[in-house]
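# Analysis of the macromolecular model
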Amino acid sequence: MKGIRHQVIIACVAITIILGLFFRFANLGKKVYWTDEIYTSVRVSGHRIQEYSQDNFNGGMIQVKELQDYLQPRPQNSLSDTMKALVNKSEHPPLYYLMAHFWVRWFGNTPSVTRSLSALISLLVFPAMYWLCRELFEFPITGWVAVALIAVSPIHVLYAQEARQYSLWTVTILLSCAALLRAMGIKTSRNWVIYAVTVSLALYSHLLSFLVLIAQALYVAAINSWRLTQQVKAYLLALTGGIVAFLPWFVLIREVRATGWTSKDIPLWVLFKRWMFNLAAVFFDPQISYDKQLFDIRYGVDNGLFGLNYPLTYLVIPILLLVAYAIYFLIRTTPKRVWLFVLILISVTALPLSLPDLLGRGQRSTIARYLIPSFLGIQLAVAYLLTVKITSSLAKPGQKKLWQIGTVILISLGVLSGAVSSQSETWWNKYTNYYDPQVARIINQSASPLVISSSAVRTTSLSYWLNPETQLIVLEAPPLPDNLNQFSDVFLFQPTNELREQLEQQSPYQIKPIYDLGWLWQILSP
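What counts as what
Residues numbered from 1 in each chain as written. Predicted model: local features only at pLDDT ≥ 70, side-chain atom pairs only at ≥ 80, totals over all residues. Heavy atoms only, no water. Phe/Tyr/Trp six-rings, centres within 6.5 Å; stacked < 30°, edge-to-face > 60°. Helix = DSSP H or I, 4+ residues; strand = E, 2+ residues; numbered from the N terminus. Buried < 20%, exposed > 50% of the residue type's maximum accessible area, 1.4 Å probe, protein only. Arc of directions from axis to C-beta. Contact = heavy atoms within 4.5 Å. Core = buried A, V, L, I, M, F, W, Y, C linked by side-chain atoms within 4.5 Å. Axes fitted to C-alpha atoms, helices over the stretch in contact; angles between N-to-C directions. Parallel < 35°, antiparallel > 145°, perpendicular 65-115°, else oblique. Nonpolar A, V, L, I, M, F, W, Y, C, P; charged D, E, K, R; others polar. Salt bridge = Lys/Arg side-chain N within 4 Å of Asp/Glu carboxyl O.

### Thoughts on the packing of aromatic side chains
Tallied over the entire structure, the rule returns 27 aromatic pairs. Ring plane angle 70 degrees and centroid distance 6.1 Å describe the contact between F210 and F246, whose orientation is recorded as edge-to-face. Taken together, the residues F210 in helix α13 (residues 209–223) and F246 in helix α14 (residues 230–250) connect sequence positions 36 residues apart. Residue class for F246 comes out buried when judged on its relative accessible area of 1%. Among the aromatic residues, ring-to-ring pairing joins F137, Y325, Y328, F329, Y384 and W403 into one connected group.

### Describing helix α18 (residues 351–360)
What α18 keeps buried is the set L353, S354 and D357. Down the axis, α18 shows its buried residues gathered within 90 degrees of arc, on one side only. Turned more than 90 degrees from where α18 packs its buried face, L359 and G360 sit exposed. On its buried side, α18 packs onto α15 (268–280). R361 occupies a position one or two residues after α18 and carries a positive phi of about 75 degrees.

### Considering the nonpolar core
Grouped together as the largest cluster of nonpolar side chains are 151 residues, with contacts concentrated most on Y195, V382 and W428. Counting residues in hydrophobic clusters, the runner-up holds 16 residues, among them L450, I452, L480 and F487.

### Considering the side chain of Q363
Structurally, Q363 can be placed in the loop between α18 and α19 (372–391). For Q363, a relative accessible area of 0% gives the class buried. Sequence-distant contacts of Q363, that is, excluding residues within four places in its chain, are made with W261, T262, K264, I266, R274, I297 and D357.

### Looking at the packing of helix α8 (residues 125–136) against helix α17 (residues 336–348)
Where α8 meets α17, the closest approach of the two axes is 10 Å, and the angle between their N-to-C directions is 140 degrees. In terms of orientation, α8 and α17 fall into the oblique class. For the pair α8 and α17, contact is made by L132, E135 and L136 and by R337, V338, F341 and V342, respectively. Per-class residue counts for the contact of α8 with α17 are five nonpolar, no polar and two charged.

### Points about unusual backbone geometry
The bulk of non-glycine residues show a negative phi, and the bulk of peptide bonds are trans. Within the chain, N27 stands out as a residue other than glycine whose phi angle is a positive 50 degrees. Take N27: its relative accessible area is 34%, and that puts it in the partly exposed class. For W226, which is not a glycine, the phi torsion comes out positive at approximately 60 degrees. Tracing the sequence through the fold places W226 in the loop between α13 and α14.

### With respect to the pattern of salt bridges
One pass over the structure, following the stated rule, counts 10 salt bridges. Of the charged contacts in the structure, one is a salt bridge between E37 and R115, with a shortest N-O distance of 2.8 Å. Highlighted residues: E37 in helix α2 (residues 35–44) and R115 in helix α7 (residues 111–122), separated in sequence by 78 residues. What makes R115 buried here is its relative accessible area of 0%. A salt bridge links D69 to K65; the shortest N-O distance between them is 3.0 Å. Residue D69 and its partner K65 are located together in helix α4 (residues 64–69), separated by four residues, close to a single helical turn. On the basis of relative accessible area, K65 is assigned to the exposed category, the value being 53%. Each of the salt bridges in this network shares a partner with another, and the network as a whole consists of E37, R115, E162 and K430.

If you want it as structure tokens, here you go:
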């Protein structure tokens, strides 16, 4: 009977994985190709952002097709050109971008093709998560439950569909954690070498991997009672090897600091609500209840998040309670080596982002992708809780049935989230480009439109939604071109406050708001 029950669980996991595969590859080119993804395309094609802006947006007119063709890899742009573009932004390690360089050279630099690399990489999350669970937990079935949770996790699905390094980072986090536990359990030089390699891979994927390494260091020290044992010496040697391998890139990093939007001062109640949203979105995405943007990172004001008139948002509280109970249950029922690892992974990777926001204000800890290591720890705790509750022979039949139903509901919420988001044109993780589809629909109604903007990159993002004949201009300051009368409509899109104010105060044209949410105005002739 027990074998049959486990076979049923594995069969359900297999179906969940298939759904997770579908969500990762469905409509890859449909969603907004937002600003950060444009940065990816520019760099992997061998251009620097400043060069890209100067070449295409120097006050002259350019068509949509010309602009997008510029992002295609050229024979003269080699791997060294991609490296030079990355050095200017050296806080983004090169591993993903070098992989993407070859990917787009082979298959083209379109949104769907570029994103497909991230989607493919994200498939490695499944075996990596299973391996980590096998190193942590006694029961193999825990690994299958964890894989099911991560397969349809809204957070992981969203970033698997984004042309950025976050799916690769997720894989390397899991690999480094599993390799560390393996090396600590089976003390061979080969296992420590494998750990050193995974440390280097994680660092070359994302700089926030340093937080993961700090968490791992604290764990090793605590397990060894803060003594310099042979295991600690082997660990330090492997860690040093992984960091040394990263040094060629590390010396290029001149400065890493929070950009203006991440250090934006936001009210504490907004901070808490975003924390709740992000935590819930590991299992269920409240965005499916909303048409409007949930996060306004530019102004630090949110739009009715968790409104009482959106019934599905009431699911957030049960999910938060489930997470809290899962951590408590893990601590109460597992050996120290298990619960301490998960607890340190959750806390040490989140607190350095959360405490500055809490004490000095900011929104660093509200950016979900920065918290991926912490989310992985949470999923480990929940997977263990569910496994015990749905398989334990000691549990009462009624309680076991309730937990089985709850597990199905939790996974179904992830499936529902993926089903809705995979069909959407935009989503909360598109931030400043959330309303681009609606902006483009307004512009495309014009017979011969001209779009003027202050941002080359945001205009490029919008261009994927515009009619091919649309003319584009990027200006930093007036005057406007003299030939505006030849266009049926002239639009001002995402201008800086300075440009908009100068046009309103110094030019003979009238600036009329068209779509405030999308930062779109119309320029009317006097």
